[in-house]
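So the chains spell out like this:
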Amino acid sequence: MGIRFILMVNKQGQTRLAQYYEWLTLEERRALEGEIVRKCLARNDQQCSFVEHRNYKIVYRRYASLFFLVGVDNDENELAILEFIHLLVETMDRHFGNVCELDIMFHLEKAHFMLEEMVMNGCIVETSKCNILSPIQLMDKTS
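It should be emphasised that the depicted structure is a prediction, and the values quoted were computed from it without experimental measurement. (Residues numbered from 1 in each chain as written. Predicted model: local features only at pLDDT ≥ 70, side-chain atom pairs only at ≥ 80, totals over all residues. Heavy atoms only, no water.)

### Some points on the side chain of N10
- Relative to the helices and strands, N10 is located in strand β1 (residues 3-10).
- There is a polar contact of 2.7 Å between the side chain of N10 and the side chain of Q14.
- Setting aside anything within four residues of it in sequence, one finds N10 in contact with R16, L41, S65, L66, F67 and E101. (Helix = DSSP H or I, 4+ residues; strand = E, 2+ residues; numbered from the N terminus. Polar contact = N/O pair within 3.5 Å; in protein donor to acceptor, adjacent residues only side chain to side chain. Contact = heavy atoms within 4.5 Å.)

Below is the structure:
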């Protein structure tokens, strides 16, 4: 499948966005997020951005006050996922203008919509920023 989940977390470890592509109970999600966030936030800038946890490989990157964490299968290409994270941030930057935690909090539905345009069933299906943002811009025009 590839991508199992995508999390956006602030420096304090509070989840701002969570998107899962496999079924987990709420308790399992809460426990998994807590373990992963503690593990990733405890690492310093000198360490690599890949962590193995349970049966996942966690690829993460920090942009300003937000951590973008992506859980993938063990055979997934880490550098491709880092590139995906960068694309996601660039796409959000283009729409929000220098995306920050407040943009995610106040426009959560748009952030989820961008993810849904980019990833379907755990597979990356769209990488063009224009194609990702055009439906959102149409929705903005009509409202």
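Additional details are given in the paragraphs that follow.
### Considerations on helix α2 (residues 78-96)
- In this model α2 runs 27 Å from its N-terminal to its C-terminal C-alpha over 19 residues, within 8% of the 27 Å that 1.5 Å per residue would give.
- Of the residues making up α2, those classed as buried are I81, L82, F84, I85, L87, L88, V89, T91, M92, H95 and F96.
- Among the residues of α2, the N-terminal cap falls to N77, whose side-chain oxygen and the backbone nitrogen of L79 are separated by 3.0 Å.
- After α2 finishes, the residue G97 shows a positive phi value of roughly 75 degrees. (Expected span 1.5 Å × (residues − 1). Buried < 20%, exposed > 50% of the residue type's maximum accessible area, 1.4 Å probe, protein only.)

### Description of the pattern of salt bridges
- Going through the model one piece at a time under the given rule, you end up with 7 salt bridges.
- Residues E22 and R4 are paired through a salt bridge, measuring 3.4 Å at the closest nitrogen-oxygen approach. Highlighted residues: E22 in the loop between β2 (15-20) and α1 (26-41) and R4 in strand β1, separated in sequence by 18 residues. We note that E22, like R4, is buried. (Salt bridge = Lys/Arg side-chain N within 4 Å of Asp/Glu carboxyl O.)

### What to know about the packing of aromatic side chains
- What the rule picks out here adds up to 3 aromatic pairs.
- Ring geometry for F5 and Y20: centres 5.7 Å apart, planes at 40 degrees, overall tilted. On the criterion of sequence distance, the pair formed by F5 in strand β1 and Y20 in strand β2 is long-range, its members being 15 residues apart. Across this residue pair, the class does not change: F5 and Y20 are buried.
- Judged by centre distance (5.2 Å) and plane angle (80 degrees), the rings of F5 and Y56 are edge-to-face. With F5 in strand β1 and Y56 in strand β4 (residues 56-63), this pair connects stretches of sequence that are 51 residues apart. Both residues of the pair, F5 and Y56, count as buried.
- Ring pairs connect the aromatic residues F5, Y20 and Y56, which therefore count as one cluster. (Phe/Tyr/Trp six-rings, centres within 6.5 Å; stacked < 30°, edge-to-face > 60°.)

### Considering the nonpolar core
- Core analysis: the largest hydrophobic core is formed by 30 residues, its most contacted members being I3, F84 and M92.
- If you tally residues by element for this core, the top one is α2, at 9 residues.
- Non-local contacts of I3, meaning those with residues more than four positions away in its chain, are made with Y21, V70, G71, V72, I81, F84, V119, G122 and I124.
- Grouped together as the second largest cluster of nonpolar side chains are 15 residues, L7, C40, I58 and L69 included. (Core = buried A, V, L, I, M, F, W, Y, C linked by side-chain atoms within 4.5 Å.)

### Describing the UniProt feature "domain: AP complex mu/sigma subunit" (unreviewed entry) in the protein chain
- Mapped onto the present numbering, the UniProt feature "domain: AP complex mu/sigma subunit" (unreviewed entry) falls at residues 3-142.
- Note that residues 3-142 is 47% helix and 26% strand, and that its end C-alpha atoms are spaced 32 Å apart. (UniProt positions renumbered as here; feature names shortened; annotations may be inferred.)

### A closer look at the layout of surface pockets
- Computed from the structure, the largest pocket encloses a volume of approximately 180 Å³.
- In this structure, the largest pocket is lined by 13 residues; those nearest its centre are N44, D45, Y60, R62 and F67.
- Counting only elements with at least two residues in the lining of the largest pocket, the list comes to α1 and β4.
- With 3 residues, β4 is the single largest residue contributor to the lining of the largest pocket.
- Residue composition of the lining of the largest pocket, by class: 5 nonpolar, 3 polar and 5 charged. (1 Å grid on protein atoms, 1.4 Å probe; cavity = no way out; pocket = protein on both sides within 12 Å on 5 of 7 lines; lining within 4 Å. Points joined across faces, edges and corners; volume = space filled by probe spheres on them. Nonpolar A, V, L, I, M, F, W, Y, C, P; charged D, E, K, R; others polar.)

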